Amino acid sequence: MRDRLFYLNVGARGFTLELIVCTPDDAFRCFMGNELDLLVVGNCVLRKEEQDPALKVDYSLAFEAD
């Protein structure tokens, strides 16, 4: 099975598991577009403060608020 990043939602209706990304590129874009501090892909560890700030993505206007 390939590695995947999932979001586990624990709520009143029980557990739901939602797929967030499918590829390392997706994971990096997701990482740079939210408030995560650390991304681990295989044996590679990326810290947000060590990434090029120009790669940061602002998704705040791309989606409706929940």
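Residues numbered from 1 in each chain as written. Predicted model: local features only at pLDDT ≥ 70, side-chain atom pairs only at ≥ 80, totals over all residues. Heavy atoms only, no water.

(A) A nonpolar patch on the surface, seen in detail. On the surface, Leu-38, Val-40 and Val-45 cluster together to form a nonpolar patch covering roughly 240 Å² of accessible area. Tracing the sequence through the fold places Val-45 in strand β4 (residues 44-47). (Patch = residues over 30% accessible without salt bridge, like charges linked within 9 Å, V, L, I, M, F, W, Y side chains within 5 Å. Areas by Shrake-Rupley, 256 points an atom, 1.4 Å probe, with all protein chains shown as cover. Salt bridge = Lys/Arg side-chain N within 4 Å of Asp/Glu carboxyl O. Helix = DSSP H or I, 4+ residues; strand = E, 2+ residues; numbered from the N terminus.)

(B) The nonpolar core, seen in detail. Residues Val-21, Ala-27, Cys-30, Phe-31, Met-32 and Leu-39 constitute the largest nonpolar core, which totals six residues. Looking at which element gives the most residues to this core, the answer is helix α1 (residues 24-32), with four residues. (Core = buried A, V, L, I, M, F, W, Y, C linked by side-chain atoms within 4.5 Å. Buried < 20%, exposed > 50% of the residue type's maximum accessible area, 1.4 Å probe, protein only.)

(C) The arrangement of the side chain of Gln-51 in detail. With respect to the helices and strands, Gln-51 occurs in the segment after β4. Judged by relative accessible area, Gln-51 falls into the buried class, the value being 16%. One polar contact links the side chain of Gln-51 to the main-chain carbonyl oxygen of Arg-47, over a distance of 3.1 Å. Gln-51 has contacts with Phe-28, Phe-31, Met-32 and Leu-46, leaving out every residue within four places of it along the chain. (Polar contact = N/O pair within 3.5 Å; in protein donor to acceptor, adjacent residues only side chain to side chain. Contact = heavy atoms within 4.5 Å.)

(D) Summary view of the packing of aromatic side chains. Within this structure, the stated rule accounts for one aromatic pair. With 6.2 Å between their ring centres and 50° between their planes, Phe-28 and Phe-31 make a pair best called tilted. Placement of both Phe-28 and Phe-31 in helix α1 is noted, with a separation of three residues, approximately one turn of the helix. Taking the relative accessible area as the measure of exposure, Phe-31 reaches 0% and is therefore buried. The lysine or arginine in question, Lys-48, covers the ring of Phe-31, its NZ or CZ lying 4.8 Å from the ring centre. (Phe/Tyr/Trp six-rings, centres within 6.5 Å; stacked < 30°, edge-to-face > 60°. Lys NZ or Arg CZ within 6 Å of the ring centre and 35° of its normal.)

From the geometry alone we can't say anything about function, so treat these as descriptive.
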